[in-house]
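Below are the chains, spelled out letter by letter.
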Amino acid sequence: MLGAARRQLGSGPMLGQVLQRLRPAAATNAARGYSAAAKEMTVRDALNSALDEEMSADPSVFLMGEEVGEYQGAYKITKGLLDKYGPDRVLDTPITEAGFTGIGVGAAYQGLRPVVEFMTFNFSMQAIDHIINSAAKSNYMSAGQISVPIVFRGPNGAAAGVGAQHSQCYAAWYAHVPGLKVLTPYSAEDARGLLKAAIRDPDPVIFLENELLYGESFPVSAEVLDSSFCLPIGKAKIEREGKDVTITAFSKMVGYALQAAEILSKEGISAEVINLRSIRPLDRAAINASVRKTNRLVTVEEGFPQHGVGAEICMSVVEECFEYLDAPVERIAGADVPMPYAANIERMAVPQVDDIVRAAKRACYRAVPMAATA
């Protein structure tokens, strides 16, 4: 019965709920100020094309997971790949994460390059022993004799109306582990460039997507569309330059940070928005350079606040740039509770654009500090 319920969760009805909550791409792009004439690509198509091109270029790359073949992926990321590459390279697995993840790690030991899909990263908890004890540690424990070139990918973080067991962010969980690389794409450019880098990398990579971004369109250049395009792992991107406050974010929260920066600009506050892209390794140099320029920092994430990505960034800045800070660091995160199911309470548990705006104003001494309102 549990298996049937999980299969249903990952298919049509859940996808329908998610798509209903997505804003129209045109409205989103208008808010960003992108030109309608630009070539655009959805995150879904960016991921699909990256998989296709890497499979075409390297016969050792293969896909495995629940419904990645006949159903073409719970979110259609693997659409068309079974027909093109056949069942030997696009493997539908039983609903047993521990089983197929272990098979994937063993295949990587033998020189293949598996891409393992989890319907949601919440289900990766069933396979965490293989990910951490078998994949992450083997290169070190073998003195470099065993390489584990494997990618674990799938949706991560808050979805829409699917409850606490399907709405958790695992960025901080996996970023805690030596031997793993943890990537968090935001745009179509991120999705294509980072997934290609992950597949080519000799080490195990956790690739955390966001299902609410799958249908969003982003402008892409001819360079991004080139089959040789690849982004370096461990390098953040300055999405918007500014001089008054630094805002760091990853995945869906980058879009929120950009919206907040636009609102702040109308009030005379110039915010610099950093798209982290990589959580492990973390681009500390880019963050520190920005803070030394703006003298203020706001970190944004969907995950829990305690021991989170924002907490690590805050400590890093305190260690490297304390004398540059003109205000306390502000940390925006999800509520420290399991994700509520009801839509109105769910919204309260996830960071919103207004939360980022208020934090930036506090950092710039343009609002009453929270302690003063208690």
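Remember, it's a predicted structure, so these values are computed and weren't measured experimentally.

Colleague: Just to check I follow, could you spell out the environment of A50 for this structure?
Modeller: Position of A50 among the secondary structure elements: in helix α4 (residues 43–57). By relative accessible area, A50 is classed as buried at 0%. Sequence separation between A50 and L195 is 145 residues; the distance between their C-alpha atoms is 6.5 Å.

Colleague: I would appreciate a short explanation of the sheet that holds strand β5 (residues 151–155) in the present structure.
Modeller: Across a sheet, strands are paired by hydrogen bonds formed along the backbone, either parallel or antiparallel in direction. Ordered in space as β3-β2-β4-β5-β7-β6-β12, the seven strands form an open sheet in which the pairing is mixed. A strand with exactly one partner marks an edge of an open sheet, and here the two such strands are β3 (90–92) and β12 (278–280). Going across the sheet, the axis of each strand differs from the next one's by a mean of 20 degrees, ignoring polarity. In this structure, β5 lies alongside strand β7 (residues 205–209), joined through five bridges in parallel fashion.

Colleague: Would you explain a nonpolar patch on the surface in this entry?
Modeller: A cluster of nonpolar side chains, namely M315, V318 and F322, defines an oily patch on the protein surface of about 290 Å² accessible area. A residue is classified by how much of its surface remains accessible, and M315, at 42% relative accessible area, is partly exposed.

Colleague: Sorry if this is basic, but what is going on with unusual backbone geometry here?
Modeller: Peptide bonds are mostly trans, and most non-glycine residues show a negative phi. Here the bond from R280 into P281 is cis, since omega is 0 degrees, no more than 30 degrees from zero. Here P281 lies in the loop between β12 and α13 (284–294). Even without a glycine there, the phi angle at E67 is positive, about 65 degrees. Summarising the element assignment, E67 is placed in the loop between β2 (61–65) and α5 (81–85). Unusually for a residue other than glycine, N295 sits at a positive phi of about 70 degrees.

Colleague: What's the story with the packing of helix α12 (residues 253–265) against helix α16 (residues 353–363) in this structure? I'm lost.
Modeller: The packing of two helices is summarised by the inter-axis angle and the distance between the axes. Following both chains from N to C, one finds α12 and α16 inclined at 55 degrees, their axes separated by 8 Å at the closest point. Compared by their axis directions, α12 and α16 come out oblique. Handedness of the α12/α16 crossing: right-handed. Contacts between α12 and α16 involve Y256, A257, Q259, A260, I263 and L264 on the former and, on the latter, V353, I356, V357, A360 and K361. Class assignment of the residues belonging to the contact of α12 with α16 gives a composition of nine nonpolar, one polar and one charged.

Colleague: Just checking my understanding: could you explain empty space enclosed by the protein for this structure?
Modeller: By the definition in use, this model includes three cavities of 30 Å³ or more. Volume-wise, the largest cavity comes out at about 50 Å³. If you trace the largest cavity, you find it lined by N156, G157, C169, N210, F250, S251, K252, M253 and E302. Classifying every residue of the lining of the largest cavity gives three nonpolar, four polar and two charged. When residues of the lining of the largest cavity are assigned to domains, at least three fall in each of domain 1 (40–225) and domain 2 (237–366). Its volume calculated, the second largest cavity comes out at about 50 Å³. Looking at the second largest cavity, the residues that line it are V43, L47, P185, Y186, S187, A191, E209, N210 and L213. A per-class count over the lining of the second largest cavity returns six nonpolar, two polar and one charged.

Colleague: Just checking my understanding: could you explain α13 for this structure?
Modeller: Every α-helix winds through 3.6 residues per turn, so residues three or four apart in the chain are directed the same way. Of all the residues in α13, the buried ones are I287, N288, S290, V291 and T294. Buried residues in α13, looked at end-on, bunch into an arc of 160 degrees, giving them a common side. Residues of α13 that are buried in the fold lie against β10 (245–249), β11 (271–275), β13 (297–300) and α14 (309–321). With its phi angle positive at about 70 degrees, N295 sits one or two positions after the end of α13.

Colleague: Is there a simple way to explain the packing of aromatic side chains in this structure?
Modeller: What the rule picks out here adds up to eight aromatic pairs. Each ring, one from Y75 and one from Y214, has its centre 5.5 Å from the other, and the planes form 45 degrees; the classification is tilted. Within this pair, whereas Y75 is found in the loop between β2 and α5, its partner Y214 is found in the loop between β7 and β8 (217–219), the two being separated by 139 residues in sequence. An aromatic cluster of at least three residues, connected via ring pairs, comprises F100, F118, F121, F152, Y170, W173 and Y174.

Colleague: How do you make sense of the layout of surface pockets when you look at a structure like this?
Modeller: Taken as a whole, the second largest pocket holds about 290 Å³ of empty space. Taken together, 13 residues line the second largest pocket, and the ones lying closest to its centre are A172, A175, H176, G308 and E312. Taken together, the elements giving at least two residues each to the lining of the second largest pocket come down to α9 (171–175), β12 and α14. At three residues, α14 tops the list of elements feeding residues into the lining of the second largest pocket. The residue inventory of the lining of the second largest pocket, partitioned by class, reads seven nonpolar, three polar and three charged. Each of domain 1 (40–225) and domain 2 (237–366) accounts for three or more of the residues forming the lining of the second largest pocket.

Colleague: Just checking my understanding: could you explain the sheet that holds β10 for this structure?
Modeller: In space, the five strands of this open sheet follow the order β9-β11-β10-β13-β14, with mixed pairing throughout. Across the chains shown, the open sheet's two edge strands, defined by having one partner strand only, are β9 (237–240) and β14 (330–332). Neighbour-to-neighbour, the strand axes of the sheet open up by a mean angle of 25 degrees, direction not taken into account. Relative to β14, β13 runs parallel, the two sharing three bridges. Across the sheet, T299 pairs through a bridge with R331, a residue of β14. Along the sheet face, α13 touches β10, β11 and β13 and points at about 175 degrees away from the line of β11. Helix-sheet contacts for α14 involve β10, β13 and β14, and the interaxial angle to β13 is about 160 degrees.

Reading guide: rules and limits
- Residues numbered from 1 in each chain as written.
- Predicted model: local features only at pLDDT ≥ 70, side-chain atom pairs only at ≥ 80, totals over all residues.
- Heavy atoms only, no water.
- Helix = DSSP H or I, 4+ residues; strand = E, 2+ residues; numbered from the N terminus.
- Buried < 20%, exposed > 50% of the residue type's maximum accessible area, 1.4 Å probe, protein only.
- Pairing = 2+ DSSP bridges.
- Axes fitted to C-alpha atoms, helices over the stretch in contact; angles between N-to-C directions.
- Patch = residues over 30% accessible without salt bridge, like charges linked within 9 Å, V, L, I, M, F, W, Y side chains within 5 Å.
- Areas by Shrake-Rupley, 256 points an atom, 1.4 Å probe, with all protein chains shown as cover.
- Salt bridge = Lys/Arg side-chain N within 4 Å of Asp/Glu carboxyl O.
- Parallel < 35°, antiparallel > 145°, perpendicular 65-115°, else oblique.
- Left-handed = near helix turned anticlockwise from the far one by under 90°.
- Contact = heavy atoms within 4.5 Å.
- Nonpolar A, V, L, I, M, F, W, Y, C, P; charged D, E, K, R; others polar.
- 1 Å grid on protein atoms, 1.4 Å probe; cavity = no way out; pocket = protein on both sides within 12 Å on 5 of 7 lines; lining within 4 Å.
- Points joined across faces, edges and corners; volume = space filled by probe spheres on them.
- Domains from an automatic or database assignment.
- Arc of directions from axis to C-beta.
- Phe/Tyr/Trp six-rings, centres within 6.5 Å; stacked < 30°, edge-to-face > 60°.

These figures come from the coordinates and say nothing about function on their own.
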